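# A look at the structure
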Amino acid sequence: MTERAGPRRQGLAEPGLSHAERAYRAIRDRLVMLDIRPGAPVNEEQLAHSLGLGRTPVREALKRLQYERLIAAYPRRGTFATEVNITDLAHISEVRRQLEPMAAAQAARRAGAGDRARLTALLREPGIIEGPETGGAPRPPEELMRLDLAVHRAIYAAARNPYLEDTLVQYDNLATRVWCLFVDRLPGMADHIREHGPLLRTVVAGDAEKAAELARGHIDGFERAIRAVI
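Read on for an overview of the structure.

### Comments concerning the pattern of salt bridges
- Under the definition given, this model contains 17 salt bridges.
- Between R28 and D29 there is a salt bridge, and its shortest N-O distance comes to 3.0 Å. Assigned by exposure class, R28 and D29 land together as buried.
- In this structure, the salt-bridge partner of R59 is E44, at a minimum N-O distance of 2.8 Å. On the criterion of sequence distance, the pair formed by R59 in helix 3 (residues 55-67) and E44 in helix 2 (residues 44-51) is long-range, its members being 15 residues apart.
- Judged by its relative accessible area of 17%, E44 is buried.

### Notes on the environment of L62
- Locating L62 in the fold gives a position in helix 3.
- The class for L62 is buried, based on a relative accessible area of 9%.
- Sequence separation between L62 and Y24 is 38 residues; the distance between their C-alpha atoms is 7.1 Å.
- If we skip the residues at most four places from it in the chain, L62 touches I27, V42, E44, L47 and I71.

### A few points about helix 1 (residues 19-32)
- For helix 1, spanning 14 residues, the distance from its first C-alpha to its last is 20 Å, which sits close to the expected 20 Å at 1.5 Å a residue.
- Of all 14 residues making up helix 1, eleven are buried, and the element is well covered by its neighbours.
- Along helix 1, the residues classified as buried are A20, E21, A23, Y24, R25, A26, I27, R28, D29, L31 and V32.
- Residues of helix 1 that are buried in the fold lie against helix 2, helix 3, strand 1 (71-74), strand 2 (78-81), helix 6 (141-158) and helix 7 (162-182).
- Taken from the residues just after helix 1, L34 is the one with a positive phi, measuring 65°.

### Some details on the pairing of strand 2
- Note: strand 1 against strand 2, four bridges, orientation antiparallel. Residue pairing across strands places A73 opposite T79, the latter belonging to strand 2.

### With respect to the packing of aromatic side chains
- In the structure shown here, the tally under the stated rule is two aromatic pairs.
- Judged by centre distance (6.1 Å) and plane angle (50°), the rings of Y74 and F80 are tilted.
- Relative accessible area serves as the criterion here: at 40%, Y74 is assigned to the partly exposed category.
- Judged by centre distance (5.9 Å) and plane angle (75°), the ring pair of W179 and F222 falls under edge-to-face. Of this pair, W179 sits in helix 7 while F222 is found in helix 10 (residues 208-227), placing the two residues 43 residues apart along the sequence. Accessibility assignment for this pair places W179 and F222 in one class, buried.
- The aromatic ring of Y24 is capped on one face by R64, whose charged end is 3.6 Å from the ring centroid.

How each quantity is defined
Residues numbered from 1 in each chain as written. Predicted model: local features only at pLDDT ≥ 70, side-chain atom pairs only at ≥ 80, totals over all residues. Heavy atoms only, no water. Salt bridge = Lys/Arg side-chain N within 4 Å of Asp/Glu carboxyl O. Buried < 20%, exposed > 50% of the residue type's maximum accessible area, 1.4 Å probe, protein only. Helix = DSSP H or I, 4+ residues; strand = E, 2+ residues; numbered from the N terminus. Contact = heavy atoms within 4.5 Å. Expected span 1.5 Å × (residues − 1). Pairing = 2+ DSSP bridges. Phe/Tyr/Trp six-rings, centres within 6.5 Å; stacked < 30°, edge-to-face > 60°. Lys NZ or Arg CZ within 6 Å of the ring centre and 35° of its normal.

This is a description of form; function is not addressed.
Set out below in C-alpha cells:
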C-alpha cells in the first residue's frame, strides 16, 4: 500500500539518526498508535528483524521506552506494552494543561525561520485546512492522529527548550494512546484536528498570549471529549 503525502512518519525514514534513535522512534510510534496493542508482548528479536536493525539499538530503545511508561519489563515473564489506564487521564491532563500553553507561547516567541516554515507547511495539510478535503474524502482516523502528533511535536520543537520538548512529547504520547483506545467512539475527531489551524497561525504570527490560550482550550477540549465516552 502506498503511503499518502503528508507529515512523514518518524522512524527509519529520517536521515542522520543513529540506529538506536531510529529504533526508538519507530517502536515508540508503534506503541503510541497501538500498532503494538496494550498488554502485548514486546519481542526484541522480532522488532530488530522487522526494523532491519541489530538487537543492540533495539535494546537501547526499549530501555528508553520503559522509562517513558510505554513498556514494562518483568523478571522471568518478559517485556510488554503497558496497559492504557483511563484513570491516568486526569494526571496526564494536569501536566499538559500547564505545559502545553507554555510551549505554544514560547514557540510563538522563539520559532526561527525553519520552524515557521514547518508550521506553515502543516497548515496546508488536509484535515487542518478549512474547506473540502483534498480529493473530496476525509482522512482516516489513523492519519488524523498522526497529523495531530506531527503538529504537537513541531510546536514543542519550535519552543526551543529541549527539556520542555522531551517532557511534552512523553505526555502527548500517553494522551494519544488514550485517544487511540476510544477513537471509534469519538464523533468530533475532525473538529479537534481543525483546531490546530488557528493555533498554528497564531504561533507563526508570534502572538504568544493567544497561542497559550488556544493551546489550553485544545487540551481541555480533548479531556472533555474522552470523558464524554467513558
